[in-house]
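# Survey of secondary and tertiary structure
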Amino acid sequence: MNDLPPDFARYTRELMGEELYEILLQGLSDDAPASIRLNPFKCPDGTKVTIEDGRVPWSEHGYYLTHRPNFTFDPLLHAGVYYVQEASSMFIEHVIRQILNRHIPHPTTVLDLCAAPGGKSIAARTALPNDCQLYSNEPIRPRTHILWENMLKMGHPEVIVTNNYARDYQRSGLTFDIIIADVPCSGEGMFRKDPNAIAEWSMANVEKCWRLQREIVADIWPCLKPNGILVYSTCTFNAHENEENVAWIADELGADFIKIDIQEGWNITGSLTDNHPVYRFLPGLTRGEGLFIAILKKKETENEGTCRGGSAYPPANNPHSKKGKSRTNTLIRPYNTIESKNSIKKDIPPHSKALSITDDNKEYPHIDIDYTQAINYLRKEAIVLPPNTPKGIVLLTYQGIPIGFAKNIGNRANNLYPQEWKIKSTHIPEHETILELARPHIDGGHQEN
């Protein structure tokens with residue numbers, strides 16, 4: 001890769017050393033691998049990934065793919081059977097499992113502070129106890145739409161999606177056993193996938209980011225219980241936003257580093273500046289994009305003056321910490337714009353009921369439809385159901401997996417799929433099987449509950 005900013009190249013070569021930097025350059029020149037995580041709440045045991053190119057070693061449910069298919073036209077993606085996730089980010093699942101085994105055996109509340117589009121929340125939810133409540137938060141409102149959609153498709157009931165700044169949580173008085181802070185960063189780890197990340201990079205932006213990251217963590221620190229765990233992560237390479245920031249958290253806010261067991265064959269790089277246990281994923285070494293993670297345990301008595309009512313660092317245009325604009329009322333209810341639009345003054349069940357892993361949708365007749373019908377439904381086009389379909393609200397399924405509701409009125413069915421989610425492309429795809437579900441294929445028609 002020859003178009004890297006000169007300041008980035010100069011700093012990163014000095015930080016990593018010649019050999020590691022050359023490995024990174026080669027990795028950034030290679031094609032990015034495609035990968036997915038199966039949803040264990042919806043995937044039957046024995047489900048096969050038909051285009052598998054190996055397992056993601058640090059994830060129980062992660063798979064590399066031989067190529068990147070057109071996911072948009074797979075109904076099982078829209079049903080939440082799997083999630084398209086970059087492989088390095090799946091490491092959060094491994095981290096959460098070790099935290100539960102050794103430090104917090106049974107957490108009651110977990111916060112993913114900067115969660116959109118939702119990959120880390122989904123991975124964390126699969127590793128957490130079923131009765132643990134996960135708050136999945138995104139402070140930037142437009143990004144909350146996709147977060148809410150992805151968490152709803154996962155189907156787990158113990159998830160609350162919120163749209164709040166870190167300071168709102170501080171004002172709310174809520175406390176958490178684990179806080180995941182995948183903080184906004186300069187995005188160096190996305191250079192291979194996103195050319196805009198290269199165009200927008202500058203040393204000035206790196207400095208802005210590391211200041212912002214400290215402010216975010218300081219704002220959320222009072223919400224972490226004593227002996228609670230902070231999982232700090234970025235998708236960038238430099239030490240200012242990584243090693244220097246987590247050392248600052250440990251020293252100034254009061255925390256100890258937690259070591260996570262890893263295997264040598266995963267080729268995860270440690271700290272580049274000190275001896276603290278941290279975990280850096282580098283393209284060229286690890287099979288994924290750039291990622292940095294550190295795990296810190298809050299001390300029983302945190303340092304005074306840094307976690308009572310405000311930032312420990314001067315403001316840096318921090319959208320997480322806008323003063324005088326608290327939105328704590330949204331902390332007590334889910335972010336649910338689609339639900340309210342579809343359900344008010346209508347006898348229509350919320351779409352979340354269709355996708356939930358609970359038994360809430362068992363009361364409706366289940367009608368299995370074929371691939372073409374499923375794509376038409378997901379485009380919010382008119383659909384025709386079998387003549388023996390009961391009138392009224394029915395739950396449409398694809399290969400036995402619920403995808404949404406329709407209202408059968410006899411000669412046709414009203415399509416109740418959320419307008420905001422419909423497939424907008426008019427392209428007629430050639431169907432590519434990505435998963436083979438471990439259940440008999442259903443040819444269509446009314447299925448008994």
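A few points on the structure. (Residues numbered from 1 in each chain as written. Predicted model: local features only at pLDDT ≥ 70, side-chain atom pairs only at ≥ 80, totals over all residues. Heavy atoms only, no water.)

Our focus in this paragraph is the overall build of the chain. Regarding its fold elements, the chain presents 13 helices and 19 strands. When each of the 449 residues of the chain is scored for burial, the buried share is 57%. Sequence-distant contacts in the chain: of pairs separated by 6 or more residues, those separated by 24 or more amount to 77%. About 18900 Å² of surface is accessible on the chain, with carbon and sulfur atoms providing 48% of the total. (Helix = DSSP H or I, 4+ residues; strand = E, 2+ residues; numbered from the N terminus. Buried < 20%, exposed > 50% of the residue type's maximum accessible area, 1.4 Å probe, protein only. Contact = heavy atoms within 4.5 Å. Areas by Shrake-Rupley, 256 points an atom, 1.4 Å probe, with all protein chains shown as cover.)

With that settled, consider the sheet that holds strand β4 (residues 62-65). Backbone-to-backbone hydrogen bonds pair the strands of a sheet. The strands run either parallel or antiparallel. On the basis of which strands lie adjacent, the open sheet formed by four strands has the order β3-β4-β1-β5 and antiparallel pairing. The open sheet terminates on both sides in strands that have one partner only, identified here as β3 (52-55) and β5 (82-84). Taken over all neighbouring pairs, the strand axes of this sheet differ in orientation by 30° on average, direction set aside. Here strand β1 (residues 35-38) runs beside β4; their pairing, made up of three bridges, is antiparallel. Note that in β4 the partner of I36 across the bridge is Y63. (Pairing = 2+ DSSP bridges. Axes fitted to C-alpha atoms, helices over the stretch in contact; angles between N-to-C directions.)

Turning our attention to the pattern of salt bridges. Evaluation of the coordinates by the stated rule reveals 17 salt bridges. Residue R10 pairs with D7 through a salt bridge whose shortest N-O separation is 2.2 Å. With R10 and D7 both in helix α1 (residues 6-16) and three residues apart, this pair spans about one turn of that helix. Note that R13 is salt-bridged to E18, the shortest N-O span being 2.6 Å. Linked through salt bridges whose partners overlap, the residues forming this network are R37, E60, E93 and R97. (Salt bridge = Lys/Arg side-chain N within 4 Å of Asp/Glu carboxyl O.)

Glancing now at the layout of surface pockets. Size it by volume and the largest pocket reaches roughly 1300 Å³. Lining the largest pocket we find 45 residues, and of these A116, R143, D182, M190 and C235 sit closest to its centre. Secondary structure elements with two or more residues in the lining of the largest pocket: β5, α5 (119-127), α8 (195-200) and α9 (203-220). Per-element tally for the lining of the largest pocket: the top contributor is α9, with four residues. Looking at the lining of the largest pocket, its residues break down into 20 nonpolar, 13 polar and 12 charged. (1 Å grid on protein atoms, 1.4 Å probe; cavity = no way out; pocket = protein on both sides within 12 Å on 5 of 7 lines; lining within 4 Å. Points joined across faces, edges and corners; volume = space filled by probe spheres on them. Nonpolar A, V, L, I, M, F, W, Y, C, P; charged D, E, K, R; others polar.)

Our next topic: the nonpolar core. Judged by nonpolar contacts, the single largest core of 81 residues is most densely connected at I36, F91, I96, I178, L396 and L435. A per-element tally of this core places helix α4 (residues 91-102) first, with six residues. Of all hydrophobic cores here, the second largest spans 32 residues; its members include I179, V183, I220 and V246. (Core = buried A, V, L, I, M, F, W, Y, C linked by side-chain atoms within 4.5 Å.)

What follows covers the side chain of T162. Mapped onto the fold, T162 is located in strand β8 (residues 159-162). Residue classification places T162 among the buried positions, given a relative accessible area of 1%. Here the side chain of T162 touches N137 through a polar contact of 2.8 Å, side chain to side chain. (Polar contact = N/O pair within 3.5 Å; in protein donor to acceptor, adjacent residues only side chain to side chain.)

Turning our attention to the packing of aromatic side chains. Using the criterion set out here, one finds 16 aromatic pairs in the structure. Ring plane angle 85° and centroid distance 6.5 Å describe the contact between Y135 and Y169, whose orientation is recorded as edge-to-face. Separated by 34 residues along the polypeptide, Y135 in strand β7 (residues 133-137) and Y169 in helix α7 (residues 166-172) bring together distant segments of the chain. Residues Y135 and Y169 agree in their burial class; the two are buried. The interplanar angle of 65° and the centroid separation of 5.3 Å between the aromatic rings of Y377 and Y417 together place this pair among those described as edge-to-face. Of the two residues, Y377 is situated in helix α13 (residues 371-378) and Y417 in the loop between β17 (413-415) and β18 (435-436); the sequence distance between them amounts to 40 residues. (Phe/Tyr/Trp six-rings, centres within 6.5 Å; stacked < 30°, edge-to-face > 60°.)

With that out of the way, let us pick up helix α10 (residues 243-254). The end-to-end C-alpha distance of α10 is 16 Å, a good match for the 16 Å that 12 residues give at a rise of 1.5 Å each. Where burial is concerned, most of α10 is hidden: nine out of the 12 residues are buried. Every buried residue belonging to α10 is among E243, N245, V246, A247, W248, I249, A250, L253 and G254, and all of these are buried. Buried residues along α10 sit against α9, β10 (224-234), β11 (255-257), β12 (279-281) and β13 (291-298). (Expected span 1.5 Å × (residues − 1).)

It is the contact of α4 with α5, at a shortest axis distance of 8 Å, that shows an interaxial angle of 35°. Handedness of the α4/α5 crossing: right-handed. Where α4 approaches α5, its residues I92, E93, I96, R97 and L100 are matched on the opposing element by K120, A123, A124, T126 and A127. The residue makeup of the contact of α4 with α5, split by class, is six nonpolar, one polar and three charged. (Left-handed = near helix turned anticlockwise from the far one by under 90°.)

Applying the stated rule across the entire model yields two cavities of 30 Å³ or more. As a volume, the second largest cavity reaches approximately 30 Å³. Taken together, D74, L76, Y398, Q399, H431, E432, T433, I434 and L435 make up the lining of the second largest cavity. Along the lines of polarity and charge, the residues of the lining of the second largest cavity split into four nonpolar, three polar and two charged.

Okay, helix α6 (residues 141-154) next. With 14 residues, α6 should cover 20 Å at 1.5 Å per step; its first-to-last C-alpha distance of 20 Å lies within 8% of that length. Those residues of α6 that fall on the buried side of the exposure criterion are T144, L147, W148, E149, N150, M151, L152, K153 and M154.

Sheet topology places β3 next to β4; two bridges connect them, and they run antiparallel. In the strand pairing of β4, E52 is matched with L65. Between β3 and β4, which pair antiparallel and follow one another directly, the connecting turn spans six residues.

Remember that the coordinates give geometry; whether it matters functionally is a separate question.
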